[in-house]
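# Descriptive structure summary
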Amino acid sequence: MSVLDHLRHPGWPRRALFGLGLLLALTIIIRVLLDPIAAHFTHKQLNASEAVSGDFESVHVTLLPPGYGIRRLKIIEAQGGDWRHPLFYAEHARVALDWRRLLHAELAARLRLDGPKMVMAPTGGKLKIPDIGAALEKVIPARMDRVEVREGEFLYRDVTAPRHPEFWLHDIELAAENLTTRKRLAGGRPATVGARAILGKSGTVTFFASADLFAAKPEFAGQLALRGWRVAEIYDLEEPATKLQTPKGSLDLFVEFKARDGAISGGVKPVLRNVEVRPTEDGFGNKLKAWIAD
C-alpha cells in the first residue's frame, strides 16, 4: 500500500496514535513494575546466606542501555552485625550490559562501585573473612569483563592487639579489564588490574598486574610501589612490641613479581629515608635498642 493509499484512509492516524499510546502504556507499566520486582529479588538474595545479611536504599533497572543499580548497599555479619558499621558499604553499585555484544549473542557486563568501603577486624584472636563476594554474586549474577572502583576505602583494624593498630587505604581508584571466561572473547589480550590509593595520611600506593587467564601454567606479572609513607604512622604497631618509636622519616617500598612456565620470581626493596628511632620509655635497655636500630 502506497503513501497515497494511506492518505485516502482518514482513520490511519488514529490507529497509529492508538498503537503508539499502547506501546507507551506497556513501557510505563513495565517500568513501574521492574524496580519493585528487582528490589524484592535483591533483598531475598542478599539475605539467603547464613553468614551475612544485606540491605539497600533502592534498586533501579534500566532498559536502554540494559542495566541494574543498587543505591547505598550494606552488608553485615548475620550474627551480631551492626547496620551502623557494616562490613561492606557502597554508595552505588551499577551493572551495565554491553548491548552491542548482546546483538552477537555475547553476554558482557561491567560493574562500577562508587564509594565502596570495607572493614576487617579479627575477633577472638582469629580473622574472620565473611564471603561478601558470594553475596554480591547472588544479586549480580552476570560475569564481569570490567570492574571499576571509584573513591574506595579499606580499613583493617586489629582490636585484639594493644593500641588497636590499623591500616587504612582510601581514595582507591581501581580498574580491572578483560576478565572474560572464554578465550575467544579475550582477543589475545591479558587481563589487567591497575589501582592507585593513599595509605594512612601520607603514603601513595600504585599497583599494576597482568595475567593470561588461559595459560596452561600460571602466567602473570606485576608491580607494587609505596612512596612517602611517614613511619610515624606505625607507632601503634611498633610501640607495644618494641617500646620504640620512629617519629621522623619515611618508607618507600617496591615489589615486583612474575610467574612464567610455572616458576614464580620477584623481589622486595624497602627504602628508609631519614628515619630516626627513639625509645618510648627510659631505661638502658630501651636506649640501647633504639641506638642499635638507629
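Look above for the structure.
Let me begin by describing the structure that accompanies this report. Values in this document were obtained by computation on a predicted structure and should not be read as measured data.

## Some details on the overall build of the protein chain
Summing up its helical and strand segments, the protein chain has seven helices and 13 strands in all. Scored against the burial criterion, the 294 residues of the protein chain give a buried share of 29%. Surface exposure of the protein chain reaches about 19000 Å², of which carbon and sulfur atoms provide 60%.

## Side note on the environment of Lys 217
The residue Lys 217 is located in the loop between β10 (203-211) and β11 (220-230) in this model. Distance from Lys 217 to Asp 261, taken between C-alpha atoms, is 5.8 Å for residues 44 residues apart in sequence. Ignoring any residue separated from it by four or fewer positions in sequence, one finds Lys 217 in contact with Asp 261 and Gly 262.

## Topic: the packing of aromatic side chains
Inspection of every chain in the model, using the stated rule, returns three aromatic pairs. Ring geometry for Phe 167 against Trp 229: centres 6.2 Å apart, planes inclined by 50°, an arrangement best described as tilted. In this pair, Phe 167 sits in strand β8 (residues 166-177) while Trp 229 sits in strand β11, placing the two residues 62 residues apart along the sequence. Judged by centre distance (6.4 Å) and plane angle (25°), the ring pair of Phe 207 and Phe 257 falls under stacked. On the criterion of sequence distance, the pair formed by Phe 207 in strand β10 and Phe 257 in strand β12 (residues 244-260) is long-range, its members being 50 residues apart.

## What about unusual backbone geometry?
For Glu 151, which is not a glycine, the phi torsion comes out positive at approximately 55°. Mapped onto the elements of the fold, Glu 151 is located in strand β7 (residues 144-157). Among the residues examined, Glu 151 registers a relative accessible area of 58% and is labelled exposed. One non-glycine residue, Asn 274, lies in positive phi territory at about 55°. Relative to the elements of secondary structure, Asn 274 occurs in strand β13 (residues 263-279). Relative accessible area serves as the criterion here: at 71%, Asn 274 is assigned to the exposed category.

## A word on the pattern of salt bridges
The final tally for this structure, using the stated rule, is 15 salt bridges. Across the pair Glu 148 and Arg 150 runs a salt bridge whose closest N-O atoms are separated by 2.6 Å. You can call Arg 150 partly exposed: its relative accessible area is 32%. A salt bridge links Glu 276 to Lys 248, with the nearest nitrogen and oxygen atoms 4.0 Å apart. Remark: Lys 248 occurs in strand β12 and Glu 276 occurs in strand β13; sequence separation between them is 28 residues. With a relative accessible area of 23%, Glu 276 lands in the partly exposed category. Given a relative accessible area of 46%, Lys 248 falls into the partly exposed group. Because the salt bridges share partners, they merge into one network encompassing Arg 146, Glu 148, Arg 150, Glu 173 and Glu 177.

## Some thoughts on the environment of Arg 230
Looking at the element boundaries, Arg 230 is found in strand β11. We classify Arg 230 as partly exposed; its relative accessible area is 44%. Each C-alpha atom, one on Arg 230 and one on Ser 202, is 6.2 Å from the other, the two residues being 28 residues apart in sequence. Once residues within four sequence positions are removed from consideration, Arg 230 is found in contact with Lys 201, Ser 202, Gly 249 and Ser 250.

## Notes on the side chain of Ser 53
Here Ser 53 lies in strand β1 (residues 52-55). Apart from the residues within four sequence positions on either side, Ser 53 is in contact with Leu 46, Asn 47, Lys 74, Ile 75, Ile 76, Glu 77, Ala 78 and Trp 83.

## Quick notes on the pairing of strand β9 (residues 191-199)
Both β8 and β9 contribute to a ladder of seven bridges, which runs antiparallel. Note that in β9 the partner of His 170 across the bridge is Ile 198. Examined bridge by bridge, β9 and β10 share nine bridges and lie antiparallel to one another. Among the inter-strand pairings, Thr 192 is bridged to a residue of β10, identified as Ser 210.

Rules used in this analysis
- Residues numbered from 1 in each chain as written.
- Predicted model: local features only at pLDDT ≥ 70, side-chain atom pairs only at ≥ 80, totals over all residues.
- Heavy atoms only, no water.
- Helix = DSSP H or I, 4+ residues; strand = E, 2+ residues; numbered from the N terminus.
- Buried < 20%, exposed > 50% of the residue type's maximum accessible area, 1.4 Å probe, protein only.
- Areas by Shrake-Rupley, 256 points an atom, 1.4 Å probe, with all protein chains shown as cover.
- Contact = heavy atoms within 4.5 Å.
- Phe/Tyr/Trp six-rings, centres within 6.5 Å; stacked < 30°, edge-to-face > 60°.
- Salt bridge = Lys/Arg side-chain N within 4 Å of Asp/Glu carboxyl O.
- Pairing = 2+ DSSP bridges.

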